[in-house]
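The primary structure of each chain is shown beneath.
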Amino acid sequence: MLEIKNLVVQIEDNRILNGLNLTVNDGEVAAIMGPNGSGKSTLSYVIAGKEDYEVLDGEILLDGQNVLEMAADERAAAGIFLAFQYPLEIPGVGTMTFLKACLNAQRKARGEAELTTPEFIRAVNGAADKLEINKEMLKRALNVGFSGGEKKRMEILQMALLQPKFCVLDETDSGLDIDALRIVSEGVNALRAQGRSFLVITHYQRLLNHIVPDTVHVMSKGQIMKTGGKDLALELEASGYAEYRTGEAA
Ligand SMILES: Nc1ncnc2c1ncn2[C@@H]1O[C@H](COP(=O)(O)OP(=O)(O)OP(=O)(O)O)[C@@H](O)[C@H]1O
Ligand SMILES: [Mg+2]
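Residues numbered from 1 in each chain as written. Chains lettered and ligands numbered in written order. Predicted model: local features only at pLDDT ≥ 70, side-chain atom pairs only at ≥ 80, totals over all residues.

Topic: the site of ligand 1
Then comes step 1: Taken together, 13 residues lie near ligand 1, and Asn36, Gly37, Lys40, Ser41 and Thr42 sit nearest.
Then comes step 2: At the level of elements, β2 (14–24) and α1 (40–48) are the ones that each hand at least two residues to the shell around ligand 1.
Then comes step 3: Considering every element that reaches the shell around ligand 1, the biggest residue donor is α1, with three residues.
Then comes step 4: A per-class count over the shell around ligand 1 returns two nonpolar, nine polar and two charged. (Near = placed C-beta within 6 Å. Helix = DSSP H or I, 4+ residues; strand = E, 2+ residues; numbered from the N terminus. Nonpolar A, V, L, I, M, F, W, Y, C, P; charged D, E, K, R; others polar.)

Below you can see the structure in the form of structure tokens.
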């Protein structure tokens, strides 16, 4: 599904990703854990196509397609989705207007018919009910004045609507209360399927009790230092990152 080879990325002369290699197979849920500042969010932005990053070397392939040659909107249309660590507030843009524009832009780019307003409202209401999102929230400007946890749920609502192929969740668990963590995890688990893969960035094993990963990768200093199964997250919880802070990838 997603193959990253020798990715080297800098921003303003600071090397952030240092020859990163990562493969996520079709249907797989891969977790990335790693110390603050190790480059996890940078990786998520580079996959999604945020500008400002200078890719010096390497490649990202989505089902063999060269992602780095595509604009951010083309990547979204190809099925790449990023749930932000810090979702942006967009004053003046209604949440429903935003969701409908995203959904229809992607459908159009894929040559599919746009949803009619009643179809769209049915889809949003269904997804919002599952995530226990208050309908009043949907009438407000996107994320404006939403609580931290409400913003995170809104990211997952977008994901549920867009049904992306490759989903990157950047610390979606931070700021969620215990019930919201379960609800959001159920939302993610419901989307697990062949033809769809997830990259779940998190600091806490707690999330991985709900969203049980197939693989766990430890990132440090812009590289994947170790790859293992779900037990690796338990080991990290017990031992911390001390052994990954220095030295080269194993
Ligand atoms: N615009 C920028 N200019 C300079 N350095 C930057 C810039 N953006 C990010 N960095 C640096 O890149 C490094 C990696 O940042 P990144 O946000 O990817 O880390 P992270 O692994 O997501 O950390 P966290 O766990 O705290 O979310 C950090 O040291 C950060 O200060
Ligand atoms: Mg981050």
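Now that the structure has been shown, we can carry on.
Re helix α6 (residues 148–162)
Then comes step 1: Between its first and last C-alpha atoms α6 spans 22 Å; for 15 residues at 1.5 Å apiece the expected length is 21 Å, and the two agree.
Then comes step 2: Taking burial as the measure, the 15 residues of α6 include 11 buried ones, the bulk of the element.
Then comes step 3: Those residues of α6 not exposed but buried are Lys151, Lys152, Arg153, Met154, Glu155, Ile156, Leu157, Gln158, Met159, Ala160 and Leu161.
Then comes step 4: Contacts made by the buried residues of α6 are with β6 (80–83), α3 (95–109), α4 (117–130), β9 (166–170) and α7 (178–191).
Then comes step 5: Note on α6: the residue one or two positions beyond its end, Gln163, has a positive phi of about 50 degrees. (Expected span 1.5 Å × (residues − 1). Buried ≥ 20, exposed ≤ 12 C-beta atoms within 10 Å, placed from the backbone. Contact = placed C-beta atoms within 7 Å.)

Examining the sheet that holds strand β3 (residues 29–33)
Then comes step 1: An order of β6-β9-β10-β3-β11-β12 is seen for the six strands of this open sheet, with the pairing classed as mixed. Edge strands, defined here as strands with exactly one partner in the open sheet, are β6 and β12 (223–228). For this sheet, the mean angle separating the axes of adjacent strands, direction not counted, is 20 degrees.
Then comes step 2: Relative to strand β10 (residues 197–201), β3 runs parallel, the two being bridged by four bridges. In the sheet register, Ala30 faces β10, and the bridge partner there is Leu199.
Then comes step 3: Across the face of the sheet, α6 comes into contact with β6 and β9 while running at roughly 165 degrees to β6. (Pairing = 2+ DSSP bridges. Axes fitted to C-alpha atoms, helices over the stretch in contact; angles between N-to-C directions.)

Some remarks on the nonpolar core
Then comes step 1: Among the nonpolar cores identified, the biggest contains 62 residues, and Ala31, Phe81, Val168, Phe198, Leu199 and Val200 are the most heavily contacted of them.
Then comes step 2: Counting residues per element, this core draws most heavily on α6, which supplies six residues.
Then comes step 3: When neighbours within four sequence positions are excluded, Phe81 is seen to be in contact with Ala76, Met159, Leu162, Pro164, Phe166, Cys167 and Val168. (Core = buried A, V, L, I, M, F, W, Y, C linked by C-beta atoms within 7 Å.)

Some words on the pairing of β9
Then comes step 1: The element β9 is largely enclosed, with a buried count of five among its five residues.
Then comes step 2: Burial along β9 is two-sided: Phe166, Val168 and Asp170 and Cys167 and Leu169, pointing in opposite directions, are all buried.
Then comes step 3: Judged from the four bridges that link them, β6 and β9 form a sheet pairing that is parallel. Bridging from a neighbouring strand, Leu82 pairs with Val168 of β9.
Then comes step 4: Taken together, β9, α7 and β10 form a β-α-β motif whose crossover is right-handed. (Right-handed = clockwise from strand over helix to strand, strands pointing away.)

So, α1
Then comes step 1: Summarising burial for α1: seven of the nine residues are buried, a large majority.
Then comes step 2: All of the buried residues along α1 are Lys40, Thr42, Leu43, Ser44, Tyr45, Val46 and Ile47.
Then comes step 3: In the stretch just after α1, Gly49 is the one whose phi turns positive, near 100 degrees.

In short, geometric facts, not functional conclusions.
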